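Letter by letter, the chains look like this.
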Amino acid sequence: MYLAIKRIFDFISSLVVLLLLTPLLLPIIVLLKITSEGEVFYFQERIGMFNKPFMIFKFATMMKNSSKMKGGYITVKNDPRLTFMGGFLRKSKINELPQLLNILLGHMSVVGPRPVMRVSFESYPENIQKVIYNSKPGLTGIGSIIFRDEEELITEVKNNGGDIWDFYKNVIYPFKGDLELWYQNNKSFVLDLKLIFMTAWVILFPNSRLYEKWFKDLPKRTF
């Protein structure tokens, strides 16, 4: 029953939001077309439900072939590879809105574990890899809420001379995996609604830690 309700909610909510946001999305598409090297959308393979790959949709925020430039697939705050509108689109999370199409097509859900690249997926501990995508990946989720400051965190590691990829592999991914295990063990339609509200809340109030009061049994972040 939960999965049926979730799919109906995903389809209706993503369709309605897309229609409501059309007046916002069309100007962004035009601005991206006349700036940002003319690229509007960015397509990348991500790991989806039951560990099967799919193509994720985003607004383009980085220069063409940015993954082959210094920094690779990791983006830091004020990254020089960001396009004219890239910084704003990423900070506001507007660059994620094309994933509403992924939700309509059934690749994703509104709430679930964030879909990652294969190289990132393989950095999860093996026990996490086996279960993390037993649910469809989501536009938002507990990991997105707690790691809304991820770029700032990575920038701090870089500025302190640390190894960014080592930090991802040995600190961020194990903790993200624990968060997604928490979601898998507690998932329900009510929890999904709470996570949607909390996503909007932390966008409006970035420094809020209200989620700690709502979800008292969450794994504790120590970094």
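Just so you know, these numbers come straight off a predicted model, no measurement behind them. (Residues numbered from 1 in each chain as written. Predicted model: local features only at pLDDT ≥ 70, side-chain atom pairs only at ≥ 80, totals over all residues. Heavy atoms only, no water.)

1. Considering empty space enclosed by the protein
All told, the structure shown has 1 cavity of 30 Å³ or more when counted by the stated rule. Considering only enclosed or pocket space, the largest cavity measures out at about 30 Å³ in volume. Residue lining of the largest cavity: Lys6, Phe9, Asp10, Ser109, Val110, Val111, Phe189 and Asp192, and that is the complete set. For the lining of the largest cavity, the secondary structure elements donating two or more residues are α1 (2–34), β3 (109–111) and α9 (189–204). Residue composition of the lining of the largest cavity, grouped by class: 4 nonpolar, 1 polar and 3 charged. (1 Å grid on protein atoms, 1.4 Å probe; cavity = no way out; pocket = protein on both sides within 12 Å on 5 of 7 lines; lining within 4 Å. Points joined across faces, edges and corners; volume = space filled by probe spheres on them. Helix = DSSP H or I, 4+ residues; strand = E, 2+ residues; numbered from the N terminus. Nonpolar A, V, L, I, M, F, W, Y, C, P; charged D, E, K, R; others polar.)

2. Thoughts on the environment of Leu3
Within the element layout of this structure, Leu3 appears in helix α1. The spatial distance from the C-alpha of Leu3 to the C-alpha of Glu96 is 23 Å, given a sequence separation of 93 residues.

3. Topic: unusual backbone geometry
The phi dihedral of Phe50 is positive, around 60 degrees, even though this residue is not glycine. With respect to the secondary-structure elements, Phe50 resides in the loop between β1 (41–47) and β2 (53–59). Phi is positive for Asn51, close to 65 degrees, though the residue is something other than glycine. Here Asn51 lies in the loop between β1 and β2. For Asn51, a relative accessible area of 30% gives the class partly exposed. (Buried < 20%, exposed > 50% of the residue type's maximum accessible area, 1.4 Å probe, protein only.)

4. What about a nonpolar patch on the surface?
A cluster of nonpolar side chains, contributed by Ile8, Phe11, Ile12, Leu15, Val16, Leu19 and Leu20, occupies part of the molecular surface with about 680 Å² of accessible area. Summarising the element assignment, Leu19 is placed in helix α1. (Patch = residues over 30% accessible without salt bridge, like charges linked within 9 Å, V, L, I, M, F, W, Y side chains within 5 Å. Areas by Shrake-Rupley, 256 points an atom, 1.4 Å probe, with all protein chains shown as cover. Salt bridge = Lys/Arg side-chain N within 4 Å of Asp/Glu carboxyl O.)

5. Concerning the environment of Ser208
With respect to the helices and strands, the residue Ser208 is situated in the loop between α9 and α10 (210–214). Exposure remark for Ser208: the relative accessible area of 16% places this residue in the buried category. Between the C-alpha atom of Ser208 and that of Met198, which follows or precedes it by 10 residues, the distance is 9.8 Å. In this structure the side chain of Ser208 is engaged in a polar contact, spanning 2.8 Å, whose partner is the side chain of Trp201. Here the side chain of Ser208 touches Leu210 through a polar contact of 3.2 Å, landing on its backbone nitrogen. (Polar contact = N/O pair within 3.5 Å; in protein donor to acceptor, adjacent residues only side chain to side chain.)

6. What about the pairing of β1?
The pairing of β1 with β2 spans 7 bridges and is antiparallel. Of the residues in β2, the one forming a bridge with Glu45 is Met55. Hairpin connection between β1 and β2: a loop of 5 residues separates the two successive antiparallel strands, and Phe50 in this loop has a positive phi of roughly 60 degrees. (Pairing = 2+ DSSP bridges.)

7. Focus: the nonpolar core
Among the nonpolar cores identified, the biggest contains 47 residues, and Phe59, Ile142, Ile146, Leu195, Phe215 and Leu218 are the most heavily contacted of them. Contributing elements (two or more residues each) for this core: α1, β2, α3 (99–104), β3, α6 (142–146), α7 (150–159), α8 (164–186) and α9. At 9 residues, α8 tops the list of elements feeding residues into this core. Leaving out residues up to four positions away in the same chain, Leu218 has contacts with Ile142, Ile146, Leu179, Trp182 and Tyr211. (Core = buried A, V, L, I, M, F, W, Y, C linked by side-chain atoms within 4.5 Å. Contact = heavy atoms within 4.5 Å.)

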